[in-house]
Amino acid sequence: MNLRDSLLAVLVALLWGLNFVAIDIGLHGGGQDFPPLLFVAMRFVLVVVPWIFFIRKPEVGWKAIIGVGLFMSAGQFGLLYLAMALGMPAGLASLVLQAQVLLTVLLAAGVLGERPSRRQMAGVVLGVAGLAVVAVGRSAVAPLLPLLIVLAAALSWATGNVIVRRAKAASGLGLVVWSGAVVPLPLAGLSVLVDGPHTVLASLSSLQAPTVLSALYTAIFASLVGYGIWNRLLASHPSSAVVPFTLLVPVVGMSAAWLALGEVPTAPELAGGLILLGGVATAVLTGGTRRQRRGAEPLPGRGACLAGSDADDGGRLAGVDVPRAGVREADVR
């Protein structure tokens, strides 16, 4: 990538790292706990309205738009916010969520017909070992349920990654806004069922300034700016050039949580986190896929391309470009 796009990727990592602190403040600020699923619904109302009336629908199938909305937005953030509401520290959440890179490698093997290289698989194994260390350390001081929910959020994000890369939308911002329209009604409805209509109405009628500011930050900076830039970078560059910048997210997230929230990771959490990031780095910095689907033909100047259909009105997804050097890593936010 050129210098401009590299700086944009760093900016996105910074925005996303700070996002975890913003979420924590919104959930617990103002002396009250805000319903997490309702908070996600609020975030995506701000993502969608009024922008959907001014931004054209991306030129991808409806299945891709709905899939990104369900997995990358509703699933990922619904589970993440729930875990943080249940006590998952913001800094640790920013770290564990990076398991999505490893999960994307595995999903790409099954869904996209890619065979991970030995180095990628070594990264996955190393990352799983790091997660195990984090889980053991976490279980000594707190329940494991929030950590498991964050891992489920990572799996949902990984599924969205595969859909985003296959869709190859020309407008990253358009994909963010239009897929975001899938989120508010289902999650608001779930919040009514889980938290009760009285709690939902009481929370909306007594909104605190920290919650409002947090929702604005997560919607404007993390979603519209962050995802808009990121989806555009994924559509314009090989994933091997974009993915490594996500390694900065937990560094920013844990540092910000330490400074703003006083969160200090335990020794096992820190050690496991370093092992996890080592696994992610192994997968995205040195890994590659060595095989494309049968029938694939190379594209001039872009390496090989997996066989697949272009997006059409039936929602079929486009094929996936493989980087010039034969590397095909996990696509991330």
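Just so you know, these numbers come straight off a predicted model, no measurement behind them.

Caption draft 1: Fine view of the overall build of the protein chain. A count of helical and extended segments in the protein chain gives 14 helices and zero strands. Across the 333 residues that make up the protein chain, the buried fraction comes to 54%. For the protein chain, the share of sequence-separated contacts (at least 6 apart) that also reach a separation of at least 24 residues comes to 84%. Here the protein chain has roughly 13,700 Å² of accessible surface; of this, 70% comes from carbon and sulfur atoms.

Caption draft 2: Local environment of the packing of helix H2 (residues 36-48) against helix H9 (residues 184-195). One can describe the packing of H2 onto H9 by two numbers: an axis separation of 8 Å at closest approach and a directional angle of 160°. In this view, H2 runs roughly antiparallel relative to H9, as classed from their interaxial angle. As H2 packs across H9, the resulting crossing turns out to be left-handed. Residues Leu37, Leu38, Val40, Ala41, Phe44 and Val45 of H2 touch H9, and the partners they reach there are Pro184, Leu187, Ala188, Leu190 and Ser191. Taken together, the residues of the contact of H2 with H9 break down into 10 nonpolar, one polar and no charged.

Caption draft 3: View of the packing of aromatic side chains. Taken as a whole and judged by the stated rule, the model has seven aromatic pairs. Taken together, a centroid distance of 5.7 Å and an interplanar angle of 70° make the contact between Phe34 and Phe39 edge-to-face. For the pair shown, Phe34 and Phe39 are each scored as buried. Centre to centre, the rings of Phe77 and Tyr81 are 6.4 Å apart; their planes meet at 85°, and the pair counts as edge-to-face. Placement of the pair is Phe77 and Tyr81 together in helix H3 (residues 62-85), with a separation of four residues, close to one helical turn. Each member of the pair, Phe77 together with Tyr81, is buried. An aromatic cluster is defined as three or more aromatic residues linked by ring pairs; in this entry it consists of Phe34, Phe39, Phe44, Phe77 and Tyr81. One cation-aromatic arrangement involves Arg43 over Phe77; the distance from NZ or CZ to the ring centre is 4.1 Å. In this structure, Lys57 packs its charged tip against the face of Trp62, placed 5.0 Å from the ring centre.

Caption draft 4: Examining unusual backbone geometry more closely. At the junction of Val49 and Pro50, the peptide bond is cis and its omega measures out at 5° in the coordinates. Secondary-structure assignment places Pro50 in the loop between H2 and H3.

Caption draft 5: Broad picture of a nonpolar patch on the surface. A surface patch of nonpolar side chains, about 610 Å² in accessible area, is lined by Leu46, Leu204, Leu207, Val212, Leu213, Leu216, Ile220 and Phe221. Secondary-structure assignment places Leu46 in helix H2. Residue Leu46 is classed as partly exposed on the basis of its relative accessible area, which comes to 30%.

Caption draft 6: Up close: the pattern of salt bridges. Scanning the entire structure with this criterion turns up two salt bridges. The salt bridge involving Asp5 is made with Arg4; its shortest N-O contact spans 3.1 Å.

Caption draft 7: Main features of the confidence of the model for the protein chain. In this model, the protein chain carries an average pLDDT of 80, and 82% of its residues clear a pLDDT of 70 or more. Here residues 287-333 is modelled with pLDDT under 50, and outside its nearest four sequence neighbours on either side it reaches 146 contacts, counting other chains as well.

Caption draft 8: Region of the structure containing the packing of H3 against helix H7 (residues 145-167). Put simply, H3 and H7 touch, their axes get as near as 8 Å, and they point 160° apart. The angle between H3 and H7 falls in the class roughly antiparallel. For the pair H3 and H7, the sense of crossing is left-handed.

Caption draft 9: View of H2. An ideal rise of 1.5 Å per residue puts 18 Å on 13 residues; H2 measures up with 19 Å between its terminal C-alpha atoms. In terms of residue burial, H2 counts as a mostly covered element, since 11 of its 13 residues are buried. Buried within H2 are the following residues: Pro36, Leu37, Leu38, Phe39, Val40, Ala41, Met42, Arg43, Phe44, Val47 and Val48.

Caption draft 10: Quick look at helix H5 (residues 99-111). Under the 1.5 Å per step criterion, the end-to-end length of H5 is 18 Å for 13 residues, consistent within 8% with the ideal 18 Å. Residues of H5 that are buried include every one of Ala99, Gln100, Val101, Leu102, Thr104, Val105 and Ala108, and no others. Two residues or fewer past H5, Gly113 is found with a positive phi of approximately 75°.

Caption draft 11: Highlighting the environment of Gly123. In this structure, Gly123 sits in helix H6 (residues 118-139). Of the residues examined, Gly123 reaches a relative accessible area of 0% and is grouped as buried. Expressed as a C-alpha distance, the spacing of Gly123 and Thr282, which sit 159 residues apart in the sequence, is 4.8 Å. If we ignore the near neighbours within four places in the chain, the residues touching Gly123 are Leu102, Gly279, Thr282 and Ala283.

Caption draft 12: Just the side chain of Ser191, in detail. Secondary-structure assignment places Ser191 in helix H9. By relative accessible area, Ser191 is classed as buried at 0%. Among residues more than four places away in sequence, those in contact with Ser191 are Pro35, Leu37, Leu38, Gly196 and Val200.

Quick notes on the rules
Residues numbered from 1 in each chain as written. Predicted model: local features only at pLDDT ≥ 70, side-chain atom pairs only at ≥ 80, totals over all residues. Heavy atoms only, no water. Helix = DSSP H or I, 4+ residues; strand = E, 2+ residues; numbered from the N terminus. Buried < 20%, exposed > 50% of the residue type's maximum accessible area, 1.4 Å probe, protein only. Contact = heavy atoms within 4.5 Å. Areas by Shrake-Rupley, 256 points an atom, 1.4 Å probe, with all protein chains shown as cover. Axes fitted to C-alpha atoms, helices over the stretch in contact; angles between N-to-C directions. Parallel < 35°, antiparallel > 145°, perpendicular 65-115°, else oblique. Left-handed = near helix turned anticlockwise from the far one by under 90°. Nonpolar A, V, L, I, M, F, W, Y, C, P; charged D, E, K, R; others polar. Phe/Tyr/Trp six-rings, centres within 6.5 Å; stacked < 30°, edge-to-face > 60°. Lys NZ or Arg CZ within 6 Å of the ring centre and 35° of its normal. Patch = residues over 30% accessible without salt bridge, like charges linked within 9 Å, V, L, I, M, F, W, Y side chains within 5 Å. Salt bridge = Lys/Arg side-chain N within 4 Å of Asp/Glu carboxyl O. pLDDT = per-residue confidence, 0-100. Expected span 1.5 Å × (residues − 1).

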